[in-house]
Amino acid sequence: MKSLNAYQRKRWLGLLLVIIVCMLGLSSPIQHFAAFPNEVRLFSGQLKQLDYGMPVHAQVTSDSQSLQINGSYNRSTSINLNKPVTIQSSHSGETTLKLKLFGKIPFKTVKVNVVPDLRVIPGGQTIGVKVKSAGIMVVGHHQVVSEKGTKVSPGETAKLQLGDLIVRINGTYVNEVYKVAKLAEEAGSANRPLHLTVKRGTRMFETKLLPVFDSEDRAWRLGLYIRDSAAGVGTLTFYAPDQGVYGALGHVITDMDTQTPIEVGEGQILQSNVTSINKSQNGEPGEKRAHFIKESKVLGNIERNTSFGIFGKMKELPAHSYNQQSIPVAFAEEVKEGPAQLLTVVNGQKVERFNVEVVHVTRQQSPATKGMVIKITDRRLLEQTGGIVQGMSGSPIIQDGKLIGAVTHVFVNDPTSGYGCFIEWMLQDAGVLLKPASLNLKAA
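What you see is a predicted model, and the numbers here were worked out from it, not measured in a lab.

S.K.: Would you take a moment to explain the overall build of the chain for this structure?
M.R.: The secondary structure content of the chain amounts to 7 helices and 32 strands. Counting over 444 residues, the chain shows a buried share of 46%. Look at the contacts in the chain between residues 6 or more apart in sequence, and 67% of them connect residues 24 or more apart. Roughly 22,800 Å² of accessible area belongs to the chain as shown, and the carbon and sulfur atoms make up 52% of that amount.

S.K.: Help me out: how do you make sense of helix 6 (residues 423-430) in this one?
M.R.: Because the α-helix completes a turn every 3.6 residues, residues three or four places apart line up on one side. Counted residue by residue, helix 6 has 8 buried out of 8 residues, so it is predominantly covered. Buried residues of helix 6: I423, E424, W425, M426, L427, Q428, D429 and A430, and no others. One or two residues past the end of helix 6 sits G431, with phi positive at roughly 85°.

S.K.: I'm lost on unusual backbone geometry in this one. Help?
M.R.: With glycine set apart, most residues show a phi of negative sign, and most peptide bonds adopt trans. Unusually for a residue other than glycine, K159 sits at a positive phi of about 70°. A positive phi angle, close to 55°, is found at R218, a residue other than glycine.

S.K.: Teacher, can you tell me more about the pairing of strand 16 (residues 203-209) here?
M.R.: With 7 bridges joining them, strand 15 (residues 194-200) and strand 16 adopt antiparallel strand pairing. Counterpart to T197 in the pairing with strand 16 is E206.

S.K.: What should I look at first to understand the pattern of salt bridges in this one?
M.R.: For side chains bearing opposite charge, pairing can occur when the charged atoms are close. Per the counting criterion, the structure on display carries 17 salt bridges. One salt bridge in this structure joins K336 and D400, with 2.1 Å as the shortest N-O distance. Of this pair, K336 sits in the loop between strand 26 (327-328) and strand 27 (338-345) while D400 sits in the loop between strand 30 (396-399) and strand 31 (402-411), placing them 64 residues apart in sequence. The class of D400 is exposed, set by a relative accessible area of 58%. Salt-bridge contacts for D414 lead to K375; the nearest nitrogen and oxygen are separated by 3.9 Å. Of this pair, D414 sits in strand 32 (residues 414-422) while K375 sits in strand 29 (residues 372-376), placing them 39 residues apart in sequence. For D414, a relative accessible area of 28% puts it in the partly exposed group. Among the charged side chains, a network of salt bridges with common partners joins R41, K48, E333 and E424.

S.K.: Is there a simple way to explain the pairing of strand 27 in this structure?
M.R.: The buried count for strand 27 comes to 6 of 8 residues, which makes it a mostly enclosed element. Sheet analysis places strand 27 next to strand 28 (residues 351-361), joined by 8 bridges and oriented antiparallel. Paired with L343 across the strands is R353, a residue of strand 28. Between strand 27 and strand 28, which pair antiparallel in sequence order, lie 5 residues; one of them, G348, sits at a positive phi of approximately 65°. Looking at chain direction, strand 27 and strand 30 are connected through 2 bridges and run antiparallel.

S.K.: Would you take a moment to explain the sheet that holds strand 1 (residues 39-43) for this structure?
M.R.: Sheet strands pair by backbone hydrogen bonding; their relative direction is either parallel or antiparallel. Spatially, 5 strands are ordered 1-8-7-3-5 in an open sheet, and the strand pairing comes out mixed. Each edge of the open sheet carries a strand with a single partner, namely strand 1 and strand 5 (76-80). Neighbour-to-neighbour, the strand axes of this sheet turn through a mean angle of 25°, independent of strand direction. In this sheet, strand 7 (residues 93-101) lies alongside strand 3 (residues 57-62) in antiparallel orientation, the contact comprising 5 bridges. Bridge assignment links Q59 to a residue of strand 7, and that residue is K100.

Conventions adopted
Residues numbered from 1 in each chain as written. Predicted model: local features only at pLDDT ≥ 70, side-chain atom pairs only at ≥ 80, totals over all residues. Heavy atoms only, no water. Helix = DSSP H or I, 4+ residues; strand = E, 2+ residues; numbered from the N terminus. Buried < 20%, exposed > 50% of the residue type's maximum accessible area, 1.4 Å probe, protein only. Contact = heavy atoms within 4.5 Å. Areas by Shrake-Rupley, 256 points an atom, 1.4 Å probe, with all protein chains shown as cover. Pairing = 2+ DSSP bridges. Salt bridge = Lys/Arg side-chain N within 4 Å of Asp/Glu carboxyl O. Axes fitted to C-alpha atoms, helices over the stretch in contact; angles between N-to-C directions.

It is worth stressing that arrangement in space is one thing and function is another; only the former is reported here.
See below:
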């Protein structure tokens, strides 16, 4: 009987300990302790506030006198962690902060990474996009009827797949479809195969393709559907005047048939004019109807097509900006749930501002798409478009006066909502914001 009572007491004691641990884990101070960062990032001149609500005092020691802590340049400062702690630096570089509770107990070492101040001009303009691929894209196979009456696809025989990029033919770089027909005729007439250099993903390989004479249209054929370019409309996200570069779209350009990313050989962005809107409905996203302005000025070139959009050089700010003043940008960790604004065009070339809500933020330590979920709350925009429409991709999102990201995708079953990417990842791909050293090491 005594042993049973002792067993029950142990069970109750164990249960009590579990409850205490859970309560401590859920308590605000403990949660803030766990959330205390290992690294703080800020732009030079930016004032950053950390609020962790921990009812303790600490001594913070900096290895640099260029860093202000609560307005003080002293290398050693006493702080109250129950009140907001402000950090500011006018010089870029890395600094280490060491926190000791009550001035004696080592608590945390925080790396402060100060990067040069960066301001960009938000876009919102609808742009026309013309892309020339870095080779000949294979977008399909077809059967050729030979003079013997048999059906064959030389392209399939050569093991070519949809999405492959033919980079060289007989050792010569080629990225124009019209040149392929002549090469096919010459090789077929001489009964010799074409030597192809093909890129599939990141892998390069060689193959041979012997053209077949099509008895129906009396021409030499490869048994392939091929393409060398693509065109469409999207939205400019930002222009960085100090670097002379831009970013747009917020997502990769893919071939419409193979859905594989287009490797850009060359390209241009041009002025575009929105003529009408096909409104979004549940289950059916709408789209902007726009056309390239005849003889419009080329706004910039296209040098890269990445998961976060297209990037290149731009010499000057395009016309019809909502505001020509540059604004600061936000790191991914600064984006929060709450109200924000969207810049986009719904008629002609006029950039307008609309209200949205950031309803969810994904904490990302490294580049990834779908960083946030936004919801259109502006009644005027909902009446005109039904929500997010195709062609709106790249529309800049602004929160608390900072550029935080760009629209990327619409939810098919709820077009009032969609995904956005963090502007930080776009700025990295544009080459105007360096990747943290930790990311470079991870990628290697």
